[in-house]
Amino acid sequence: MMIRMNVDNLEEAIAFLEERGFHKARHEAANKTVDTGSSKFNIMVSSTGFIIAVSQHIKDHD
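Report on the accompanying structure. (Residues numbered from 1 in each chain as written. Predicted model: local features only at pLDDT ≥ 70, side-chain atom pairs only at ≥ 80, totals over all residues. Heavy atoms only, no water.)

**Here's the deal with the overall build of the protein**
Across its full length, the protein carries 1 helix and 5 strands. Scanning the protein from its N terminus toward the C terminus, one meets helices and strands in the order β-α-β-β-β-β. Compactness check: the protein gives a C-alpha radius of gyration of 12 Å against a globular reference of 11 Å for 62 residues, within 12% of the reference. The C-alpha extent of the protein, read off along each of the three principal axes, is 40 × 25 × 20 Å. Every one of the 62 residues in the protein was classed for burial, and the buried ones make up 31%. A fraction of 45% describes how many contacts in the protein between residues 6 or more apart in sequence connect residues 24 or more apart. Total accessible area on the protein stands at roughly 4,600 Å², and carbon and sulfur atoms take up 54% of it. (Helix = DSSP H or I, 4+ residues; strand = E, 2+ residues; numbered from the N terminus. Rg over C-alpha atoms; globule rule 2.2 N^0.38 Å. Buried < 20%, exposed > 50% of the residue type's maximum accessible area, 1.4 Å probe, protein only. Contact = heavy atoms within 4.5 Å. Areas by Shrake-Rupley, 256 points an atom, 1.4 Å probe, with all protein chains shown as cover.)

Below is the structure:
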């Protein structure tokens, strides 16, 4: 099971989770930030295997 977490600042959320023992997924296809243009996301995994998909939706301020 994977939990999705929407955040306002992806980098800040990743740093917060890493300070608490999470790490980016180790699989080559899942360990980098994915940027679709309208959102960015990372897969984070706890030491016990708990998975969180952290995503930031990019708002168009024009």
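**Let's talk about the environment of Ile 58**
Structurally, Ile 58 can be placed in the segment after strand E5 (51-57). Between the C-alpha atom of Ile 58 and that of Met 44, which follows or precedes it by 14 residues, the distance is 20 Å. When residues no more than four places from it in sequence are discounted, the contact partners of Ile 58 are Asp 35, Gly 37, Ser 38, Ser 39 and Lys 40.

**Quick notes on the packing of aromatic side chains**
Evaluated as defined, the whole model comprises 0 aromatic pairs. The ring of Phe 16 has Arg 20 sitting right over it, with the charged end atom 3.6 Å from the ring centre. (Phe/Tyr/Trp six-rings, centres within 6.5 Å; stacked < 30°, edge-to-face > 60°. Lys NZ or Arg CZ within 6 Å of the ring centre and 35° of its normal.)

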